[in-house]
Amino acid sequence: MTATTASMSSMLEGRRNRARRRQMVMTILLAMIAALFLLTLMLGQSFTPPAELARVLIGEDVPGVSFSVWQLRLPRAVLGMLTGLCFGFGGAAFQVMLRNPLASPDIIGINLGASAAAVFAIVVLQWNGPLVSVLAVLAGIAVALAIYGLSFRNGVAGSRIILVGIGVAAMLESFIAYTLTQAPSWNLQEAIRWLSGSLNSAQLSQAVPVLVALVVFGGLLLSRSRDLDTLTLGDDTAAGLGTDVAQTRIIVMVAAVGLISVATAIVGPVSFAAFLSGSIAARLLAGNGSVLVPAALVGAALVLLSDYVGQFLLPSRYPVGVVTGALGAPYLIFLIVRLNRTGGSL
Amino acid sequence: MKLALRQGQFPRDRAGRSNRSRRAWLAAALALLAALCLLSVAVGTRQVGWVDIVSALRGQVATIEQAAVAVRIPRTLLAVLAGSALGLAGAVMQGVTRNPLADPGILGVNLGASLAVVVGVAWFGVTSADAYIWTAIVGAALSAVFVYVIGSLGRGGATPLKLALAGVATSVAFASFVTAVILPRTDIAGGIQSWRVGGVGGATFDATLEAAPFLAAGLLLSLSSARRLNSLALGDEMAAGLGERVALARATAALGAVLLCGATTAVCGPIGFVGLVVPHLCRQLVGVDHRWLLPFSTIGGACLLVAADVVGRIAARPSELEVGVVTAFIGAPFFIWMVRHQRSRQL
């Protein structure tokens, strides 16, 4: 009797500890995002003190500052945050669904699918605005389904999805590079945006489709987050626990690809943003609850931070994707090495 | 086994391929290459009659048609050289690593060469074509070793999946670094395009000749290591038991492959998948004996690249597709097909 109460209380204790850790992680992440957001607003070619920034934000016209805050820094901060949320959210959903940290949309080429569609729409069809996002989402979903279908052979092995995705990504990348060479005015900034991601041409009006995507697809993902978590136990166990595995997969895939594609249609396929956010969030939480929302927060912090680093901390100004690419690759290599050492099947 | 191989006493392999049938295939491949070269000179964005082609081949450049053909000749030559180098390098790398997915593009070698050249041009003032090629080869060698070491750490050695992932990670990192080096330098930024997609469009005899000694050295090293690769295919212990110095055999063969793809990348930019597709097709035709496989991959690579170049010129008239785009669209589906047909244990 006493033994059971003791184990009960230790279990409750453990549960409390886990909840506390989760809360702490979320609080720190939110604080980081807020700090980075303000930093992006304050720093540019010149420094804007907080008091002046507050005056600009409530609508006062401060000569010289108003323009740079409203036209340059605010779009950057808002879009960096929103697309970061999308990348983190979608990336984590993929990693959880396929039970593999390497099966993130930016490694298996889904980002590049959306990017290819956006480039095609903008350069060849000369579209702009929300239509581009719609096409990017459709193309992202088509690429995701194609990868899934191509790797389906008596079930889907995680390693096969990754390899098929690498092949698809190679094709898409050369398509993007080719389409860009056909552009009437070939422009290095544009090329980098569509190959590795950049916030340089962010406009505040572009935030609308991203917000809509976050609400619709993000809500869809959250409503399925319990089913998604049971999927990590394996398909059979999940089915035994009452999850409709096939349906969950489809819904999660569509929602995650939707998030990633809309973000990509606007800032380009920010290299490894999705991969890094999901993996970092999983490490921070260390198994304490669903990784989706923390991953989204990590994504926002990561994109804002990388953009800040790329703009101000390096000898020259670099777009965000170059920074995340340079950060993500060593981490991917570290992950490969670590999985090897623990003897994990890769 | 090795003795027997040396004396050539196994005229047939297990699939019953006789040397005679292999010779027939070799002749067919050479004939195909000749036909493709002719096609490559004759076909292009501008349609040219036979009279002009013949006179251009004799060295006349009086009309626009003849001038167009005169441009196609060095281009065809470069496609033949680059294709054979990449095909052979792929076959050697697959032999050295005993890994079916080893390809200069997948191993990140091409981007390693790109990065080295870009760094050389931007920071060390590399300008001569000769120095270009040296830097590219050094970059190719370093990244090949790097990717292979990462891919083979831990249990199970270098599985195809680990190698491919290590290659992808390295490629993305290198691509980021290339951008980072080039972006502040508007004077060389225009070149970034040619470092993303490889092509043979701008070929000249001079640039091709600069690379020729490196290609020749790589060709000799690679082709001469066929026998050693055969021993290596039996496994390291078996090869050592047969009296092979395993590390030395690996190093010489790999050096040959790196010379080949480094020099090619220096001249043409990154061209992927030729080294993956060609050796696999050739293995279907002539079997796994490297003494046949290597020459076949050389010719096959040339055939593939010349054909891809011709397709690129026809497919997007009036403009043209870079050959690197065409090989990606031929090679990537092939890669996916291979992945699907591997047993999942091997992945």
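Going along each chain's sequence as written, the residues are numbered from 1 onward. Throughout, the order in which chains and ligands are written sets their labels, letters from A for the former and numbers from 1 for the latter. Owing to the predicted nature of the model, reporting of local features is limited to residues with pLDDT of at least 70; listing and counting of side-chain atom pairs is limited to 80 or more, with chain, interface and lining totals taken over all residues. Excluding hydrogens and water, the side-chain values take into account all heavy atoms of the structure.

Per an unreviewed UniProt entry, chain B is named Iron complex transport system permease protein, and its organism is Pseudorhizobium tarimense. Looking at chain B in UniProt, the text filed under Subcellular location (unreviewed entry) is "Cell membrane". UniProt positions are given in the numbering used here, feature names are shortened, and annotations may be inferred rather than shown by experiment. In its Sequence similarities (unreviewed entry) section, the UniProt record describing chain B reads: "Belongs to the binding-protein-dependent transport system permease family. FecCD subfamily."

Per an unreviewed UniProt entry, chain A carries the name Iron complex transport system permease protein and comes from Pseudorhizobium tarimense. Its UniProt record gives chain A the following Sequence similarities (unreviewed entry) comment, quoted word for word: "Belongs to the binding-protein-dependent transport system permease family. FecCD subfamily." Recorded in UniProt under Subcellular location (unreviewed entry), the annotation for chain A is "Cell membrane".

Engineer: Give a description of the overall build of chain B that names residues and reports values.
Structural biologist: Only DSSP runs of H or I covering at least 4 residues are called helices, and only runs of E covering at least 2 are called strands; the numbering of each starts at the N terminus. A tally of helices and strands in chain B yields 16 helices and zero strands. The classification of residues rests on relative accessible area computed with a 1.4 Å probe and restricted to protein chains. Under 20% of the type maximum is buried, over 50% is exposed, and intermediate values are partly exposed. Counting over 347 residues, chain B shows a buried share of 56%. Contacts in chain B between residues far apart in sequence, at least 24 positions, make up 75% of those at least 6 positions apart. Contacts were defined at the residue level, with two residues in contact if any of their heavy atoms lie within 4.5 Å.

Engineer: An account of the UniProt feature "transmembrane region" (unreviewed entry) in chain A is requested, with residue identities and associated values reported.
Structural biologist: Residue and element names in this part refer to chain A. Mapped onto this numbering, the UniProt entry gives "transmembrane region" (unreviewed entry) at residues 77–98, 107–125, 131–150, 162–181, 201–222, 250–274, 280–306 and 318–337. Annotated as 100% helix and 0% strand, the span residues 131–150 places its first and last C-alpha atoms 28 Å apart. Its end C-alpha atoms 29 Å apart, residues 162–181 is made of 100% helix and 0% strand.

Engineer: Quick rundown of unusual backbone geometry? Include the residues and the values.
Structural biologist: One non-glycine residue, A:Phe272, adopts positive backbone phi at about 65°. If you trace the backbone, A:Phe272 turns up in the loop between α11 (245–267) and α12 (273–285). The phi angle at B:Phe273 is positive, at roughly 75°, despite the residue not being glycine. Along the chain, the position of B:Phe273 falls in the loop between α13 (246–268) and α14 (274–286).

Engineer: Quick rundown of the nonpolar core? Include the residues and the values.
Structural biologist: Proteins that are soluble and globular tend to have nonpolar side chains buried together. We call a set of buried Ala, Val, Leu, Ile, Met, Phe, Trp, Tyr and Cys residues a nonpolar core when their side-chain atoms join them within 4.5 Å. Ranked by size, the top nonpolar core spans 203 residues in total, and within it A:Phe94, A:Ile162, A:Phe275 and B:Phe335 carry the most contacts. The residues touching A:Phe94, leaving out its near neighbours within four places in the chain, are A:Ala103, A:Pro105, A:Ile108, A:Ile110, A:Met253, A:Ala256 and A:Val257. Counting residues in hydrophobic clusters, the runner-up holds nine residues, among them B:Val118, B:Val119, B:Phe174 and B:Ile182.

Engineer: If you had to explain a nonpolar patch on the surface to someone new, which residues and values would you point to?
Structural biologist: Excluding any residue in a salt bridge, patches collect residues exceeding 30% relative accessible area, merging like charges within 9 Å and nonpolar Val, Leu, Ile, Met, Phe, Trp and Tyr side chains within 5 Å. Method for areas: the Shrake-Rupley scheme with a 1.4 Å probe, in which residue coverage is limited to the protein chains shown. By definition here, a salt bridge exists when the distance from a side-chain nitrogen of Lys or Arg to a carboxyl oxygen of Asp or Glu is within 4 Å. A surface patch of nonpolar side chains, about 410 Å² in accessible area, is lined by A:Phe120, A:Val124, A:Leu125, A:Trp127 and A:Leu131. When you line up the elements, A:Leu131 lands in helix α5 (residues 130–150).

Engineer: Pulling in residues and values, what's your account of the UniProt feature "transmembrane region" (unreviewed entry) in chain B?
Structural biologist: Residues and elements named next belong to chain B. Summarizing the sequence annotation, UniProt attributes the feature "transmembrane region" (unreviewed entry) to residues 76–93, 105–125, 131–151, 163–183, 203–226, 247–272, 292–311 and 323–340 in the numbering used throughout. In residues 76–93, the share of helix is 100% and the share of strand is 0%. The end C-alpha atoms are 25 Å apart. Annotated as residues 131–151, this span is 100% helix and 0% strand, and its ends, taken at the C-alpha atoms, are 30 Å apart.

Engineer: Give me the lowdown on the packing of aromatic side chains, citing residues and values where you can.
Structural biologist: Residue and element names in this part refer to chain A. Only Phe, Tyr and Trp rings take part, Trp by its six-membered ring, and two of them pair if their centres are within 6.5 Å. Stacked means planes under 30 degrees apart, edge-to-face means over 60, and tilted covers everything else. For the structure shown, the criterion picks out eight aromatic pairs over all chains. Summarising the aromatic geometry, the rings of phenylalanine 120 and phenylalanine 175 are spaced 6.2 Å apart at their centres and angled 40° between planes, so their arrangement reads as tilted. Here phenylalanine 120, found in helix α4 (residues 110–124), pairs with phenylalanine 175, found in helix α6 (residues 158–181); they are 55 residues apart in sequence, far enough to count as distant. We classify phenylalanine 120 as partly exposed; its relative accessible area is 33%. Ring geometry for phenylalanine 275 versus tyrosine 331: centroids 5.9 Å apart, planes at 55°, classification tilted. Highlighted residues: phenylalanine 275 in helix α12 and tyrosine 331 in helix α14 (residues 320–341), separated in sequence by 56 residues. The pair phenylalanine 275 / tyrosine 331 is uniform in exposure class, with both members buried.

Engineer: I'd love a proper account of the side chain of B:His280, names of residues and values included.
Structural biologist: Residues and elements named next belong to chain B. If you trace the backbone, histidine 280 turns up in helix α14. Residue class for histidine 280 comes out buried when judged on its relative accessible area of 13%. In this structure, histidine 280 is in contact with Gln94, Pro100, Phe334 and Met338, ignoring residues within four places of it in sequence.

Engineer: Could you give an account of the pattern of salt bridges, with specific residues and numbers?
Structural biologist: All names here are of chain B. Using the criterion set out here, one finds ten salt bridges over all chains in the structure. One salt bridge connects arginine 75 with glutamate 320, and the closest N-O pair in it is separated by 3.0 Å. Taken together, the positions of arginine 75 in helix α4 (residues 64–97) and glutamate 320 in the loop between α15 (290–315) and α16 (323–341) put the pair 245 residues apart, joining distant regions of the chain. Across the pair arginine 98 and aspartate 236 runs a salt bridge whose closest N-O atoms are separated by 3.2 Å. Residue arginine 98 is found in the loop between α4 and α5 (109–123), and its partner aspartate 236 is found in helix α12 (residues 236–241); the two are separated by 138 residues along the sequence. For arginine 98, a relative accessible area of 39% translates into the label partly exposed. Ionic contacts of the salt-bridge type, sharing partners, join the residues Arg75, Asp309, Arg313 and Glu320 into one network.

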